[in-house]
Structures are given as structure tokens and as C-alpha cells.
Amino acid sequence: MEILTSSTASCRIVVNLRWKIPENGSNPCQLKLPTSRERKILFARTNQRSGSLRFSSVDKFLKNLNHGEGSRSLDSFGGLKNGNSKVFSGKSSGYVVGGEDDVGRITENGDSATKVLIPGLPDESKGEYCAPISSYFWEWKPKLIVHYEKAGCENVNSSPVLFLPGFGVGSFHYEKQLKDLGRDHRVWAIDFLGQGMSLPVENPTLLSKDGVNSEWKDSVWGFGDEIEPWADELVFSMDLWQDQVRNFIEEVIGEPVYVVGNSLGGFVALYFAASNPHLVKGVTLLNATPFWGLLPNPIRSPILARIFPWSGTFPLPANVRKLTEFLWQKISDPKSIAEILKQVYTDHSTNIDKVFSRILEITQHPAAAASFASIMFAPQGQLSFRETLARCKMSDVPICLVYGKEDPWVKPVWGLQVKRQVPEAPYYEISPAGHCPHDEVPEAVNYLLRGWIKNLESHGSVALPLHDDAEVVENSIARDLEFVREGSRKSVIVRFFGSRFSIWNSFSSYIKSQFRKLQTES
């Protein structure tokens, strides 16, 4: 593999690799979203100085315009013509939604979801600015090279944000965040060691000297019988990744950051924050997996750990090599990768060609199979997910929860359990969205992240996303977020759960709404 350190003025840097990836197309299917019988019209305007989003009624909005408030006329929004309002276009300083065709939607709880237009992703084809992404390699330790991407380096006075990827992917999975959030923040995305482009650059094992190596052992790394000195005790585990993130922030970023993690990355983000609260400004969990690791941790459970003679180190035992060879041929098959992506993305119209190609690219690295085995058999971290939450709460680490509701793996109940343990944490549930909401509905996730960071940076003077400044939400509210993507209007329901939210209250609210609906219909 060629190791390149480079940057570019375009939105995306291309890193040349020696292995090639076959082309693959997606098979999109449209997802129809329901509408409701009841509608609400809401005008949302962003305060230029504070960044807070303020909601007002149609009458109030028109009254303000008649008194000369605001810097733009109705025509600059797209016009209120013939008595009908439309979805108005404009920059991020103001968004309006309303009109006969712009009806709200009824959520599962029977509440009417007020519709709000939020910014779409920057469209470079239309001359809109997107932050250029630069790719780098950082030598953490001898032979352990970490790949990361960065955007927004010119935003020297902005809050730094670090994104941690899920299992099997890398920094490329946050391209939509780097391009967008990099316009007003300094943003990094890192590849965990043993994944993405942070796979070993050399074979961690020596081939047997007896000359009886199989074709499989000749073509892949990590299947030799002797360990290279630099890889002694190397195991791609939760504790290794936590150390990697800590040193990356200390040596590369150089200041406390907001950490955002999806799936496995969410657990690592929380684990890191629990162990290093002084380096964290806040943590956002995107469908964070609440568990990781099959084998017991040797420090946490030393007696139990002795039962297992091997725990993810190199070289792989003979029986593990055979199992890995069998499993890897199945897992790395393009059809298997496509099927997994189909499961985790709820909206099958989402273009995942780039994600598919990059994952397939990773599987063709000579160290990918052995790294996969090391990860699967690595011991658990010294702290459980629940313990990391408790430590973060004790250290007053701000936490934000953003979960895709239709995730087939990390079901909503897991997010609600986190909310129960940390009731003061804002919880946003997006629907429809699956396991990777940041890639499936980046417009909504980026909007929520921006607002949450502004809320913290302003010490609460800027309202949380989807809140009016004077609004105090103790249970839950729903908003129908609408945005434009590739010229088409799309929308998702985002439900915010307040500090006093409980499953019982939600169930009671649903029963009451159904009762009111029956009374109305009768």
C-alpha cells in the first residue's frame, strides 16, 4: 500500500491504493412517507448572532415582515403567491415551510408533527461551498500507522469535532459530515487500528520456514507461525482504540473535543470520555452499540480470562486460522456486503455505492482477515457500557443521543435505556432511519449536531435543536424535518425526548391520543 499524506482544494481527496475494487451499482427503491389529516405551519428563523432557531406562527411572521424586521423580502424566500405558501429556498439564515400541500404528519403517538425546513447538504454542482477534505497518516507507534481525514482547518476559533466510525468502515463514512460541518467547525474523522485504512502496513507474523504454506497463507498477512517483535501483544481491542483516540487528541488535535461515534464508535467515544473527561467537551452517540467483545477482560476478570488461552493476539492459533479462512470468504463476498448494507439502511433509495466500494476495498487488504479475527476474539474493555455512562455522568460530561428508529441491530429500546440512565441528555429519535443515520439522513444529523454544540458553547443561552427559546420540554415533542436533496424534497420525523420522558408516559400519551381521535371521528 502506498502511504500518502496530502490535501486538496476539492471536496474529496483520492488516495491511491494498490488493490482494485470492482464496480457495483445500487438497486434503489422509493420510500413513500405518509401524510396526516392535521397540519401546523411553522416559520423557523435563525438568529444571526446566537445561531438559535426561533419558531413563530404565520401571523407573527407576516407582522414582523410588515414592520420591516429581517433582511430579506418574501420574494427572496421564493414568494407567498396566490394565497399559497411554498417551500422556500434560501441560505441557512432562515427557512420557512407552509402551504396547502405542506401538511404535517401524525406520529405513532398521535401527535401532529410540526413541519420545519432545515438546510440540505452543500451542492457543489450549484456553486455551494463544501469544505475540502484532506487525508493524512499519523505514525502512532512503530509500524502502527493511523489514517485520518480532516476538514475546516481554517476555522481556527471554532469548536473541534472528532468522529469515530463503526465496525467495518472508516473515516470515509463521515464524508457528509466533513464536507458540511467542516464549513464552520474543525472536523476530524479517524480510522481505528485494524480497520479502514489503519490496517497493518507490514505482516505482523513470519511465514513458516518449512515451506508447506498454503496458498491462503501466502496471500494474506497474520497467518504465520512466529510473531514480529513490533506486533508482540498487539490485539485490536476496545482498550487499544481508547488509547489510540486519547493519543490522537493529545498529539494531533491538541485540545478537548466534541466526540461523535456511530455503533462501535459510539461505545469507544463513551469509553474514552469516561476515562479522559478532561479531553472531552461532549459526546454524541449515533446508535451506539451497548456491548463489545466476546471474551472476558483479563484485568476485570483475571480468573475467568485464564480459561481462554488466546484472546486476539498474533499469531493466530491453527484452529482460528481455519475458522477465519472459512468465515472471511463468506463475509468479504460482495453479495454479503450488499446484503448487510441493505439491512442497516432503511431508505433503500440512499446511494451507498461509495460505502460499498470502500468496504470492499478494505476486505482486499492482505491484513484484513487476520485483523478481523483479532477484533472478534479481543477481550472486552475494562469498563462496561453502563459503567462508562455512570462515569461520564459523575464527571458531568455532556451527552447527546441521536438514534435511527428503524435500526435492526441497535433497537430503540437500547437508546431509551441510555436515556433512562442519563435523563438530562437530549434524545433525538429519527424516523425513517436505520443503523447509520449520519449517512442515511445527514441533513437531520448535521442539523442536530450543530444545534447541540451551539447550545453547549453558549452555556444554554441558545436553545437546543427543535426548541423554542422559551420552550421547556419535559416529555416529548415531534418535528417533521424537511430538506432538499438532489432537487427533491425529503422529510423525516424527529422526536425529542425530554428529561421526564418515560415509556409509561409515552404509552399513556398514545392511548389518550387514540381516545381523542375516536371522539373526533364519532
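Because the structure is predicted, anything quoted here is derived from the model rather than measured. (Residues numbered from 1 in each chain as written. Predicted model: local features only at pLDDT ≥ 70, side-chain atom pairs only at ≥ 80, totals over all residues. Heavy atoms only, no water.)

1. Observations concerning the pattern of salt bridges
Next, step 1: Taken as a whole and assessed by the stated rule, the structure comprises 18 salt bridges.
Next, step 2: In this structure, Lys 490 engages Asp 347 in a salt bridge whose closest nitrogen and oxygen atoms are separated by 3.2 Å. Taken as a pair, Lys 490 in strand 17 (residues 488–497) and Asp 347 in the loop between helix 9 (334–344) and helix 10 (353–363) lie far apart in primary sequence, 143 residues in all.
Next, step 3: Arg 485 is paired through a salt bridge with Glu 443; the nearest N and O atoms lie 2.8 Å apart. Taken together, the positions of Arg 485 in strand 16 (residues 476–485) and Glu 443 in helix 15 (residues 442–457) put the pair 42 residues apart, joining distant regions of the chain.
Next, step 4: Sharing partners across several salt bridges, the network here consists of Asp 180, Arg 183, Asp 184 and Arg 450. (Salt bridge = Lys/Arg side-chain N within 4 Å of Asp/Glu carboxyl O. Helix = DSSP H or I, 4+ residues; strand = E, 2+ residues; numbered from the N terminus.)

2. Points about the packing of helix 6 (residues 264–275) against helix 12 (residues 385–394)
Packed helix pairs are characterised by how far apart their axes lie and by the angle those axes make with each other.
Next, step 1: Direction vectors running N to C along helix 6 and helix 12 enclose 45°, while the axes themselves pass 8 Å from each other. Taken together, the axes of helix 6 and helix 12 lie oblique to each other. Here the hand of the crossing between helix 6 and helix 12 comes out left-handed. In this structure, helix 6 contributes Phe 267, Leu 270, Tyr 271, Ala 273 and Ala 274 to the contact, and helix 12 contributes Phe 385, Thr 388, Leu 389, Arg 391 and Cys 392.
Next, step 2: Taken together, the residues that form the contact of helix 6 with helix 12 break down as 8 nonpolar, 1 polar and 1 charged. (Axes fitted to C-alpha atoms, helices over the stretch in contact; angles between N-to-C directions. Parallel < 35°, antiparallel > 145°, perpendicular 65-115°, else oblique. Left-handed = near helix turned anticlockwise from the far one by under 90°. Contact = heavy atoms within 4.5 Å. Nonpolar A, V, L, I, M, F, W, Y, C, P; charged D, E, K, R; others polar.)

3. Details of the side chain of Asp 347
Next, step 1: On the basis of relative accessible area, Asp 347 is assigned to the buried category, the value being 8%.
Next, step 2: Engagement of the side chain of Asp 347 in a polar contact is seen with the side chain of Ser 349, the distance being 2.6 Å. (Buried < 20%, exposed > 50% of the residue type's maximum accessible area, 1.4 Å probe, protein only. Polar contact = N/O pair within 3.5 Å; in protein donor to acceptor, adjacent residues only side chain to side chain.)

4. A look at the nonpolar core
Generally speaking, a soluble globular protein has its nonpolar side chains buried in company with each other.
Next, step 1: Core analysis: the largest hydrophobic core is formed by 81 residues, its most contacted members being Leu 162, Leu 164, Trp 241 and Leu 341.
Next, step 2: Ranked by the residues each element gives to this core, the list is headed by helix 6, at 9 residues.
Next, step 3: Discounting residues that sit within four places of it in the chain, Leu 162 has contacts with Trp 188, Ala 189, Ile 190, Val 245, Phe 248, Ile 249, Ile 253, Val 257, Tyr 258, Val 259 and Val 260.
Next, step 4: By size, the runner-up hydrophobic cluster in this structure holds 36 residues, among which are Ala 131, Val 161, Val 445 and Phe 483. (Core = buried A, V, L, I, M, F, W, Y, C linked by side-chain atoms within 4.5 Å.)

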